[in-house]
Amino acid sequence: MTIQKIQKILARPITLTLPEPVQLGNYLIKARGFCVVTVELEDGTIGTSFALDRGAPVSQAVNTLIAGPYKELFDGDPVKTWDQLLRQSSPSLSSGASLRGFSLVDLAAHDAMARHEERTVLARYGGTQKKLPQWAVIGYPPSRGPEEIAWEVKAAVDAGAVGVKLPVGATPELTRERLIAALDTKLCPVSTDLAWSCRTPEDAMKIVGGLDLAWVEDPFIPGSLDELRRLRSLLSVPLASGDEEGHLYHPQAFIETGAVDMLRIDTACQGGLSRMLLLNEYMAKSGLSISWHVYDAWHSQIASLIDSPTFSIEYSAPGASVDPLAEMIFAHKSVNIETEKYGWRFTIPDLEDESVAISGGPAWIPLPQL
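Residues numbered from 1 in each chain as written. Predicted model: local features only at pLDDT ≥ 70, side-chain atom pairs only at ≥ 80, totals over all residues. Heavy atoms only, no water.

Right, let's get into the pairing of strand β6 (residues 190-193). Side chains Val 190 and Thr 192 of β6 all project onto a buried face; the interleaved residues Ser 191 and Asp 193 project onto the opposite face, where all are buried too. As paired strands, strand β5 (residues 163-167) and β6 are joined by four bridges and run parallel to one another. Across the sheet, Val 164 pairs through a bridge with Val 190, a residue of β6. In terms of handedness, the path from β5 via helix α6 (residues 172-184) over to β6 forms a crossover that is right-handed. Bridge count for β6 against strand β7 (residues 216-217) is two bridges, and the pairing is parallel. Of the residues in β7, the one forming a bridge with Thr 192 is Val 216. With respect to chirality, the unit in which β6 leads through helix α7 (residues 201-208) into the neighbouring parallel β7 is right-handed. (Buried < 20%, exposed > 50% of the residue type's maximum accessible area, 1.4 Å probe, protein only. Helix = DSSP H or I, 4+ residues; strand = E, 2+ residues; numbered from the N terminus. Pairing = 2+ DSSP bridges. Right-handed = clockwise from strand over helix to strand, strands pointing away.)

The subject of this paragraph is the pattern of salt bridges. Summed over all chains, the structure comprises 19 salt bridges. For Arg 12, the salt bridge identified is with Asp 353, shortest N-O distance 3.0 Å. Of this pair, Arg 12 sits in strand β1 (residues 6-24) while Asp 353 sits in the loop between α12 (324-331) and β12 (354-356), and the two are 341 residues apart along the sequence. Look at the salt bridges and you will find they share partners, linking Lys 165, Glu 217, Asp 243, Arg 264 and Glu 314 into a network. (Salt bridge = Lys/Arg side-chain N within 4 Å of Asp/Glu carboxyl O.)

Turning next to α7. Every buried residue of α7 is accounted for by Pro 201, Ala 204, Ile 207 and Val 208. Considered in projection along α7, the buried side chains sweep an arc of 120° and stay on one side of the axis. Residues of α7 that are buried make contact with α6, β6, β7 and α8 (225-234). Just past α7, the residue Gly 210 takes up positive phi, approximately 85°. (Arc of directions from axis to C-beta. Contact = heavy atoms within 4.5 Å.)

This brings us to the pairing of β5. Within β5, five of the five residues are buried, which leaves it mostly tucked inside the rest of the structure. With burial as the criterion, each face of β5 is covered, one bearing Gly 163, Lys 165 and Pro 167 and the other bearing Val 164 and Leu 166. Note that strand β4 (residues 134-137) and β5 share three bridges and pair parallel. The residue bridging Trp 135 from the neighbouring strand is Gly 163, located in β5. Crossover β4 to β5 through helix α5 (residues 150-158) is right-handed.

This brings us to unusual backbone geometry. Residue Pro 141 is bonded to the preceding Tyr 140 through a cis peptide linkage, with omega at -5°. Looking at the element boundaries, Pro 141 is found in the loop between β4 and α5. Residues His 250 and Pro 251 are joined by a peptide bond in cis, for which omega reads 10°. With respect to the element layout, Pro 251 can be found in the loop between β8 (239-241) and α9 (252-257). For Arg 54, which is not a glycine, the phi torsion comes out positive at approximately 55°. Looking at the secondary structure, you find Arg 54 in the loop between β3 (46-52) and α1 (58-73). Arg 54 sits in the partly exposed class, given a relative accessible area of 41%. One non-glycine residue, Arg 345, adopts positive backbone phi at about 65°. Along the polypeptide, Arg 345 turns up in the loop between α12 and β12.

This is the structure:
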């Protein structure tokens, strides 16, 4: 069999202006920035990936630091290439914007190879799609009051969600009121993302103490292992952390210190599929379940490949502005059937560098069948 080499790797930044700014605690978000990566094989097959860039120079890191050496090393095996390039350039690629870019190149390379072979990434590794718990991220914008929460819980459940997750509100008091409103519907389990807004375990307990939540997520900024352990000792519900931990000490730091009950994993900034395959045995041995951070297109397939149990796969409604690029992809799934047979099974819309997200607020449509 002829080895497929890479012809071109290109990263491009895209900014989506939000119709309505999102306020997470004191943090006001007026636009969402993305890095979109394409990997083109010598036969013209193109694989893609994307992720929020969080304001970091991810596209620049791909184009100036990663694309050249990755292309030279690539021999058709993304896992082997990932390992070789990391060992060759670990000081540059082990964290931050560079690791995020490296992760996206890996995901796009897996997409390209699967599309070249006319199969999904999951099938390429001999996996079959598992039935996974699909959770809805609701409550955006977070300034919405508790009286507006019940209808979206029902809409998400009607769309196929088995549970809902709410972000931190404009104030701690509003956050708690919104969570209570969601719980009072009694339609499904409820969890919360505190989005690094708390300084102490006591701050977190004022918000979630006594609430029967499915889990509490990311209360503290990265590096707060002592605070996580203390909060875990106070909570009667599971504690999770790991969103945007863009370094190679995740998830080991959480596992080895007993800081959490459940892992949050985001392959778009933590090493792509290749690292998940290399960590599979270690993570499974830990016994911890995984709650995947957005990017359902590949996380649903990766969750079906690895041995760790999945607690949740996340979706947000078109117009919610949680992940507006993923929401565009979700909104157009019914018309992109032919382009979504292979690879990661998603199609990025043709967007200008500066574009506008879907407006109108969250509009739930049926979730993809897993």
